[in-house]
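Overview (structure and organization)
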Amino acid sequence: MSSPETPSPKGATSTNKITHLGEFRLKRKLGAGGMGDVYLAEQESLDRKVAIKTLKKKFANDPGFVERFYREAKAMAKLDHPNVVRCYAVGESHGFHYVAIEYIDGKSMQDWINEVKTLSVGDATHIILACLDALSHAHETKIIHRDIKPDNILVTSKGVVKVADLGLAKAVDEDNSMTQSGTGLGTPLYMPPEQARNAKHVDYRTDIYALGGTFYNFLTGKFPFSGDTALELIMKKESGKFESVRKLNSEVPEKLDLLIEKMMAKNPDHRFKSCAEIMTLLEDMELESPTLSFIDSVEAASGSRVRRKGKSKVSSVPPQKRSSGHEVSSAKDAAQSASKSKEVVEKRVWFIQHQNAAGKEMVSKMTVAQIKQGVKAGVINTSAKVKRTAEGKFISLAQCPEFDSVMQVRTIKDKADARAMNMEDKIKEISRDYDRRHRRRFFKNLAEGTWGWISLIIYLGVIIGIGYLAVMFVPELWRWIAEKMNLT
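Here we summarise the structure given alongside this text. Every chain begins its residue count from 1, and numbering advances along the sequence as written. Local features in a predicted model are, by the rule used here, given only for residues with pLDDT of at least 70; side-chain atom pairs are given and counted only at 80 or more, and totals for whole chains, interfaces and linings are based on all residues. Side-chain numbers here rest on the full set of heavy atoms in the structure, without hydrogens or water.

1. Points about the side chain of Asp207
Starting at the N terminus, helices and strands are each numbered in turn, a helix being any DSSP run of H or I of at least four residues and a strand any DSSP run of E of at least two. Considering the arrangement of structural elements, one finds Asp207 in helix α7 (residues 205-220). Working definition: with a 1.4 Å probe on protein chains only, accessible area under 20% of the residue-type maximum means buried, over 50% means exposed, and in between means partly exposed. Here the positive residues are Lys and Arg and the negative ones are Asp and Glu; neither His nor the chain ends is included. Here, a salt bridge means any side-chain nitrogen of Lys or Arg that lies within 4 Å of a carboxyl oxygen of Asp or Glu. Buried and unpaired, Asp207 has no salt bridge, with Arg146 as the nearest side chain of opposite charge at 7.2 Å. Under this definition, polar contacts are N or O atom pairs within 3.5 Å; protein pairs additionally need one hydrogen-donor-capable and one acceptor-capable atom, and for neighbouring residues in sequence, both atoms have to be side-chain atoms. Within the structure, Asp207 has its side chain in polar contact with the backbone nitrogen of His145 (distance 2.9 Å). Contact criterion: two residues are considered in contact whenever any of their non-hydrogen atoms come within 4.5 Å of each other. Residues within four places of Asp207 in sequence aside, it is in contact with Leu135, His139, Ile144, His145, Arg146 and Ile148.

2. Side note on the sheet that holds strand β8 (residues 153-156)
Through backbone hydrogen bonds, the strands of a sheet pair up, either in parallel or in antiparallel fashion. In short, DSSP must find at least two bridges between two strands for them to pair. Ordered in space as β7-β8-β9, the three strands form an open sheet in which the pairing is antiparallel. Across the chains shown, the open sheet's two edge strands, defined by having one partner strand only, are β7 (106-108) and β9 (161-163). Across the sheet, the mean angle separating the axes of adjacent strands is 25° when strand polarity is ignored. Examined bridge by bridge, β7 and β8 share three bridges and lie antiparallel to one another. In the strand pairing of β8, Lys107 is matched with Val155. Between N-to-C directions, angles cover 0 to 180 degrees, with each direction set by a line fitted to C-alpha atoms, over the stretch in contact for helices.

3. Some remarks on unusual backbone geometry
A positive phi is found at Lys117, a non-glycine position, where the angle reads about 75°. Relative accessible area serves as the criterion here: at 54%, Lys117 is assigned to the exposed category.

4. As for the state of the cysteines
When two cysteine sulfur atoms lie within 2.5 Å, the pair is treated as a disulfide. Within this structure, the stated rule accounts for zero disulfides. Cys275 forms no disulfide, and the closest cysteine sulfur to it belongs to Cys131, at a distance of 9.7 Å.

5. Brief notes about the packing of helix α4 (residues 121-140) against α7
Following both chains from N to C, one finds α4 and α7 inclined at 165°, their axes separated by 10 Å at the closest point. On the basis of their axis angle, the class for α4 and α7 is roughly antiparallel. The chirality of how α4 crosses α7 is right-handed. Residues Val121, Ala124, Thr125, Ile127, Ile128, Cys131, Leu132, Leu135 and His139 of α4 touch α7, and the partners they reach there are Asp207, Leu211, Phe215, Phe218 and Leu219. When residue character is reported, Ala, Val, Leu, Ile, Met, Phe, Trp, Tyr, Cys and Pro are called nonpolar, Asp, Glu, Lys and Arg charged, and the others, Gly included, polar. The residue inventory of the contact of α4 with α7, partitioned by class, reads eleven nonpolar, two polar and one charged. If an angle is under 35 degrees, it is roughly parallel; if it is over 145, roughly antiparallel; if it lies from 65 to 115, roughly perpendicular; otherwise it is oblique. For any pair of crossing helices, the crossing counts as left-handed if the nearer helix is rotated counterclockwise from the farther one by less than a right angle, and right-handed if it is rotated clockwise.

6. Some words on the pattern of salt bridges
For the structure shown, the criterion picks out 14 salt bridges. Residue Lys162 is joined to Glu102 by a salt bridge in which the shortest nitrogen-to-oxygen separation is 3.3 Å. Taken together, the residues span a long stretch of sequence, with Lys162 in strand β9 and Glu102 in strand β6 (residues 96-102) at a distance of 60 residues. Judged by its relative accessible area of 7%, Lys162 is buried. The partner of Arg205 in a salt bridge is Asp269, with the nearest N and O atoms 2.8 Å apart. Here Arg205 is found in helix α7, whereas its partner Asp269 is found in the loop between α10 (254-263) and α11 (275-285), with 64 residues between them in sequence. Members of the salt-bridge network, linked through shared partners, are Arg25, Glu42 and Glu44.

As structure tokens, this is what we get:
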């Protein structure tokens, strides 16, 4: 298949070039990708820039591949996420199969890595979190990328991270991932060993492995595994042994080192269960930079990801205007009145149903101030109930305006404590898994070393035995030969 910039294969004259594919006006060639050529185009109906990808001849001549290409493009179009490159259209025009996707006015992370070599922990975490968010969304819609690598992670001029080729990578990867060698290995540098064995039967954990390898590359400037051929590379991956990130970059915290190692576990069952699980751990580590330091743009701050953990803004109330002494006096009186009213409320006695230190349920009489203090100190739990009179009905603390503020603070604290405990448990789990694998590796190496010594001892024993037999029997043999040949 010829390029859209060459004469049309369907009868166009030699002086004419294809300028449109469907409603998209081609402006200039941007480069070549795994599927074919990539063009900058304008969608005339919506007056916006798009990127057009056309299929290579070897793919376009395969009806099965073309059908799969359209199916995956339609699946990709269903994804709606700020960190995913959007798919606008797929079709055929002038004999060319094409897909129109969101145009990114930036560079791929492979281009950035070629330029800056390595990323800071904060920048790398920022990008990986955006990718995890995008992949989590894709996995929920049953789409697996299967070709995660720096080339497929784009960053706009404003610093927004975009995962490219979601859905489309699946079709290309099945036919093209293992045909290259040397530095052009591409996908095999990041793919997990099970994908090399059978690319058609993998699940979302293949993306987790590849993203772990990408994380490794961002922080070290190196690949976890390398080889001169795809076969050599895959054989090294089957061993599951690679240098730790922390060994190559001392700025990487031990927790992050363990997390990346678990993302890249050789056995898929030993990896994280989901992208969401990794996101939770990374967010709790609080390593992410708010913006990407290598993006030199005044718009970068506003264009970066705004995520989670944002503190609520506290609105300020402008000071009262002092137009007259009467108004000032009124304000003072109002303040004093409010203060007295608060004191009355704080001293008001309530009946409270709660548990004592031994866990036994009891009813006590306490003032509002005492109940608040008990809730803050954790002596009174959030499930306690109160009532104003002995004959009244108990209701939860959260239903009473008097305790609303203290209950909100306590709920936030409980959630923070629970998250911290959860984080601690997960880190312990990673550490235990890390220790188990290192023990297995130690005993395996010990066994291999022991067998090597045993083999050497047997070999030396055989050599010594042959030498002994030669010393004992060669003279006798020589005498026997001499007698038979009358040489004596």
